[in-house]
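# Structure assessment
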Amino acid sequence: MWGQIIQAIDHAAQRLNDGAGAGLKLAGNSKIASNSGNSTLGSDIKSAVDAIKSSKTNDNEFEIGGKTTSDLAEIADNVKDEQVSDEQLKNESVFNDDIIDLFSKINAYDFAYTDKAKDLYLGNKGVDNDEHVGVMAQELQQNPITDSTVAKDENGYLSIDTKELTMADTAVLSDVCKRLLQIEERLNKLEAK
(Lines give C-alpha, C1' and ligand atoms only; values in the text may rest on other atoms or scores of the structure.)
Protein backbone atom coordinates (compact mmCIF):
# COMPACT_ATOMS: atom_id res chain seq x y z
CA MET A 1 0.00 0.00 0.00
CA TRP A 2 2.77 2.47 0.92
CA GLY A 3 4.44 1.76 -2.41
CA GLN A 4 1.29 2.76 -4.28
CA ILE A 5 0.86 5.90 -2.21
CA ILE A 6 4.48 6.95 -2.71
CA GLN A 7 4.21 6.16 -6.42
CA ALA A 8 1.07 8.33 -6.70
CA ILE A 9 2.83 11.22 -4.96
CA ASP A 10 5.95 10.79 -7.10
CA HIS A 11 3.78 10.68 -10.24
CA ALA A 12 1.91 13.85 -9.27
CA ALA A 13 5.12 15.62 -8.23
CA GLN A 14 6.80 14.61 -11.51
CA ARG A 15 3.85 15.99 -13.50
CA LEU A 16 4.15 19.20 -11.51
CA ASN A 17 7.92 19.40 -12.05
CA ASP A 18 7.61 18.59 -15.77
CA GLY A 19 5.30 21.53 -16.22
CA ALA A 20 2.22 19.50 -17.11
CA GLY A 21 0.42 21.27 -14.32
CA ALA A 22 2.77 24.22 -14.00
CA GLY A 23 1.07 27.18 -12.47
CA LEU A 24 1.35 30.86 -12.03
CA LYS A 25 3.17 32.13 -8.99
CA LEU A 26 0.74 34.64 -7.59
CA ALA A 27 2.03 37.95 -6.22
CA GLY A 28 4.54 36.89 -3.63
CA ASN A 29 2.43 33.94 -2.76
CA SER A 30 3.49 30.43 -3.76
CA LYS A 31 0.00 29.23 -4.53
CA ILE A 32 -0.24 27.16 -7.70
CA ALA A 33 -2.94 27.40 -10.34
CA SER A 34 -3.30 24.87 -13.13
CA ASN A 35 -2.90 26.22 -16.65
CA SER A 36 -1.95 23.52 -19.07
CA GLY A 37 -4.97 21.32 -19.53
CA ASN A 38 -4.13 19.26 -16.46
CA SER A 39 -7.23 19.23 -14.30
CA THR A 40 -6.33 16.09 -12.35
CA LEU A 41 -2.99 17.16 -10.85
CA GLY A 42 -4.54 18.61 -7.70
CA SER A 43 -6.75 15.59 -7.16
CA ASP A 44 -3.79 13.22 -7.72
CA ILE A 45 -1.71 14.92 -5.04
CA LYS A 46 -4.69 15.43 -2.73
CA SER A 47 -5.71 11.76 -3.00
CA ALA A 48 -2.19 10.60 -2.21
CA VAL A 49 -1.84 12.95 0.75
CA ASP A 50 -5.29 12.00 2.09
CA ALA A 51 -4.34 8.31 1.86
CA ILE A 52 -1.15 8.94 3.81
CA LYS A 53 -2.93 11.02 6.45
CA SER A 54 -5.65 8.42 6.95
CA SER A 55 -3.02 5.68 7.32
CA LYS A 56 -0.78 7.55 9.76
CA THR A 57 -0.70 6.55 13.37
CA ASN A 58 1.26 9.56 14.64
CA ASP A 59 1.86 13.21 13.82
CA ASN A 60 5.17 12.69 12.03
CA GLU A 61 5.47 14.21 8.59
CA PHE A 62 6.51 12.06 5.65
CA GLU A 63 9.06 13.49 3.25
CA ILE A 64 9.15 12.40 -0.35
CA GLY A 65 11.34 14.04 -2.96
CA GLY A 66 12.05 17.00 -0.69
CA LYS A 67 8.33 17.68 -0.16
CA THR A 68 6.55 16.96 3.11
CA THR A 69 2.95 15.81 3.30
CA SER A 70 2.03 19.34 4.45
CA ASP A 71 3.77 20.82 1.39
CA LEU A 72 1.91 18.45 -0.91
CA ALA A 73 -1.41 19.09 0.84
CA GLU A 74 -0.95 22.86 0.39
CA ILE A 75 -0.07 22.40 -3.28
CA ALA A 76 -3.12 20.16 -3.80
CA ASP A 77 -5.43 22.63 -2.05
CA ASN A 78 -4.22 25.44 -4.30
CA VAL A 79 -4.31 23.67 -7.65
CA LYS A 80 -7.38 24.91 -9.47
CA ASP A 81 -9.21 23.19 -12.28
CA GLU A 82 -9.33 24.83 -15.67
CA GLN A 83 -12.46 26.62 -16.86
CA VAL A 84 -14.13 25.90 -20.20
CA SER A 85 -14.09 29.06 -22.31
CA ASP A 86 -14.77 27.99 -25.90
CA GLU A 87 -17.15 30.41 -27.62
CA GLN A 88 -19.01 27.41 -29.06
CA LEU A 89 -20.05 26.52 -25.51
CA LYS A 90 -21.17 29.96 -24.34
CA ASN A 91 -24.27 32.09 -24.76
CA GLU A 92 -22.67 35.46 -25.34
CA SER A 93 -24.26 38.65 -24.12
CA VAL A 94 -23.00 42.21 -24.31
CA PHE A 95 -22.08 43.90 -21.06
CA ASN A 96 -23.74 47.32 -21.35
CA ASP A 97 -22.01 49.07 -18.45
CA ASP A 98 -18.53 50.57 -18.59
CA ILE A 99 -16.47 47.65 -17.34
CA ILE A 100 -13.45 49.82 -16.51
CA ASP A 101 -15.53 52.32 -14.54
CA LEU A 102 -17.13 49.51 -12.52
CA PHE A 103 -13.79 47.84 -11.89
CA SER A 104 -12.23 51.11 -10.76
CA LYS A 105 -14.68 51.19 -7.83
CA ILE A 106 -12.93 48.20 -6.26
CA ASN A 107 -10.38 49.36 -3.72
CA ALA A 108 -6.99 47.87 -2.96
CA TYR A 109 -6.11 47.16 0.66
CA ASP A 110 -2.92 46.47 2.58
CA PHE A 111 -3.89 43.94 5.25
CA ALA A 112 -2.89 41.14 7.59
CA TYR A 113 -5.25 38.42 8.78
CA THR A 114 -6.82 38.72 12.23
CA ASP A 115 -6.26 36.26 15.04
CA LYS A 116 -9.77 34.90 14.43
CA ALA A 117 -8.94 34.24 10.76
CA LYS A 118 -5.76 32.47 11.83
CA ASP A 119 -7.67 30.35 14.37
CA LEU A 120 -10.12 29.26 11.68
CA TYR A 121 -7.92 28.92 8.59
CA LEU A 122 -4.18 29.28 9.28
CA GLY A 123 -2.37 27.42 6.51
CA ASN A 124 -5.53 27.21 4.40
CA LYS A 125 -7.37 29.56 2.07
CA GLY A 126 -4.37 31.87 1.85
CA VAL A 127 -4.42 32.74 5.57
CA ASP A 128 -0.96 33.20 7.01
CA ASN A 129 1.00 35.60 9.21
CA ASP A 130 2.19 37.79 6.32
CA GLU A 131 1.02 41.20 5.10
CA HIS A 132 -0.89 41.22 1.81
CA VAL A 133 -2.28 43.59 -0.78
CA GLY A 134 -5.71 42.61 -2.04
CA VAL A 135 -9.42 43.29 -2.15
CA MET A 136 -12.38 42.81 0.18
CA ALA A 137 -15.01 40.24 -0.70
CA GLN A 138 -17.85 42.56 0.31
CA GLU A 139 -16.80 45.09 -2.36
CA LEU A 140 -16.48 42.38 -4.99
CA GLN A 141 -19.93 41.09 -4.05
CA GLN A 142 -21.49 44.53 -4.61
CA ASN A 143 -19.92 44.97 -8.05
CA PRO A 144 -21.71 43.45 -11.09
CA ILE A 145 -18.35 42.61 -12.68
CA THR A 146 -17.11 40.53 -9.73
CA ASP A 147 -20.22 39.48 -7.78
CA SER A 148 -19.97 35.91 -9.09
CA THR A 149 -16.48 35.55 -7.58
CA VAL A 150 -17.75 35.62 -3.98
CA ALA A 151 -19.35 32.86 -1.91
CA LYS A 152 -19.91 32.05 1.76
CA ASP A 153 -17.67 29.31 3.08
CA GLU A 154 -18.44 26.57 5.59
CA ASN A 155 -18.00 29.03 8.49
CA GLY A 156 -20.29 31.68 7.04
CA TYR A 157 -17.44 34.00 5.96
CA LEU A 158 -17.00 35.32 2.45
CA SER A 159 -14.26 33.87 0.28
CA ILE A 160 -13.16 34.67 -3.26
CA ASP A 161 -13.01 32.22 -6.14
CA THR A 162 -9.69 33.36 -7.59
CA LYS A 163 -10.31 31.47 -10.85
CA GLU A 164 -13.47 33.50 -11.45
CA LEU A 165 -11.73 36.70 -10.38
CA THR A 166 -8.92 36.03 -12.85
CA MET A 167 -11.49 35.72 -15.65
CA ALA A 168 -12.95 39.12 -14.68
CA ASP A 169 -9.47 40.64 -14.37
CA THR A 170 -8.59 39.42 -17.85
CA ALA A 171 -11.75 40.92 -19.34
CA VAL A 172 -11.04 44.29 -17.72
CA LEU A 173 -7.38 44.20 -18.74
CA SER A 174 -8.46 43.54 -22.33
CA ASP A 175 -10.64 46.67 -22.27
CA VAL A 176 -7.85 48.73 -20.70
CA CYS A 177 -5.41 47.60 -23.41
CA LYS A 178 -7.86 48.52 -26.18
CA ARG A 179 -8.36 51.98 -24.71
CA LEU A 180 -4.63 52.47 -24.30
CA LEU A 181 -4.07 51.60 -27.96
CA GLN A 182 -6.77 54.10 -28.98
CA ILE A 183 -5.11 56.82 -26.90
CA GLU A 184 -1.69 56.05 -28.42
CA GLU A 185 -3.18 56.15 -31.92
CA ARG A 186 -4.74 59.56 -31.25
CA LEU A 187 -1.48 60.90 -29.78
CA ASN A 188 0.47 59.65 -32.81
CA LYS A 189 -1.97 61.43 -35.15
CA LEU A 190 -1.60 64.67 -33.15
CA GLU A 191 2.20 64.42 -33.22
CA ALA A 192 2.17 63.81 -36.98
CA LYS A 193 0.35 67.12 -37.62
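The following refers to the structure shown. (Residues numbered from 1 in each chain as written. Predicted model: local features only at pLDDT ≥ 70, side-chain atom pairs only at ≥ 80, totals over all residues. Heavy atoms only, no water.)

### Structural notes on the overall build of the chain
Note the threshold: Counting from the N terminus, the helices are DSSP H or I runs at least four residues long and the strands are E runs at least two residues long. Relative accessibility decides the category of a residue: with a 1.4 Å probe and only protein chains considered, values under 20% of the type maximum give buried, values over 50% give exposed, and everything between is partly exposed. Computed with the Shrake-Rupley method and a 1.4 Å probe, the accessible areas treat only the protein chains shown as cover for residues.
Helices and strands together make up the secondary structure of the chain, namely seven helices and six strands. Across the 193 residues of the chain, 24% fall into the buried class. For the chain, the exposed surface amounts to about 13,400 Å²; the carbon and sulfur share of it is 49%.

### As for the layout of surface pockets
Put simply, the rule is: Grid points spaced at 1 Å over the protein atoms alone were grouped into cavities, where a 1.4 Å probe fits but cannot get out, and pockets, open sets with protein on both sides within 12 Å along at least five of seven lines, with lining residues defined by an atom within 4 Å of a point. Grid points are joined across faces, edges and corners, and a volume is the space filled by probe spheres set on the points. Under the scheme applied, nonpolar residues are Ala, Val, Leu, Ile, Met, Phe, Trp, Tyr, Cys and Pro; charged residues are Asp, Glu, Lys and Arg; polar residues are all the others, including Gly.
Computed from the structure, the second largest pocket encloses a volume of approximately 550 Å³. Taken together, 17 residues make up the lining of the second largest pocket; nearest its centre are K90, S93, M167, A168 and A171. Per-element tally for the lining of the second largest pocket: the top contributor is helix 7 (residues 162–192), with four residues. A breakdown of the residues in the lining of the second largest pocket according to their chemical character gives eight nonpolar, six polar and three charged.

### Here we look at a nonpolar patch on the surface
Test applied: Two joining distances apply to patches: 9 Å for like charges and 5 Å for nonpolar side chains (Val, Leu, Ile, Met, Phe, Trp, Tyr), and every residue must have over 30% relative accessible area and no salt bridge. Put simply, a salt bridge is a Lys or Arg side-chain nitrogen that is within 4 Å of an Asp or Glu carboxyl oxygen.
A cluster of nonpolar residues, I183, L187 and L190, forms a patch on the protein surface that exposes about 290 Å² of accessible area. Tracing the backbone through its elements, the reader meets L190 in helix 7. Assessed through its relative accessible area of 55%, L190 is described here as exposed.

### Focus: the environment of D147
Test applied: Contacts are assigned to residue pairs that have any heavy atoms within 4.5 Å of one another.
Tracing the chain through its elements places D147 in the loop between helix 6 (137–141) and strand 5 (150–152). On the accessibility criterion, D147 (37% relative accessible area) is partly exposed. Spatially, the C-alpha atoms of D147 and A137 are 8.8 Å apart, while their sequence positions differ by 10 residues. When near neighbours in sequence (up to four residues on either side) are disregarded, D147 contacts L140 and Q141.

### Notes on the side chain of H132
Locating H132 in the fold gives a position in strand 4 (residues 131–134). We classify H132 as buried; its relative accessible area is 17%. Sequence-distant contacts of H132, defined by excluding residues within four places in its chain, comprise Y109, D110, F111, Y113 and G126.

### Quick look at unusual backbone geometry
Outside of glycine, negative phi angles account for most residues, and trans bonds account for most peptide bonds. Even without being glycine, K125 reaches a positive phi, approximately 55°. By the secondary structure assignment, K125 is in the loop between helix 5 (115–121) and strand 4. On the basis of relative accessible area, K125 is assigned to the partly exposed category, the value being 44%.

### Focus: the pattern of salt bridges
One pass over the structure, following the stated rule, counts five salt bridges. Its salt-bridge partner being K125, residue E154 comes within 3.0 Å of it at the nearest N-O pair. Of this pair, E154 sits in the loop between strand 5 and strand 6 (158–160) while K125 sits in the loop between helix 5 and strand 4, and the two are 29 residues apart along the sequence. Members of the salt-bridge network, linked through shared partners, are K125, D153 and E154.

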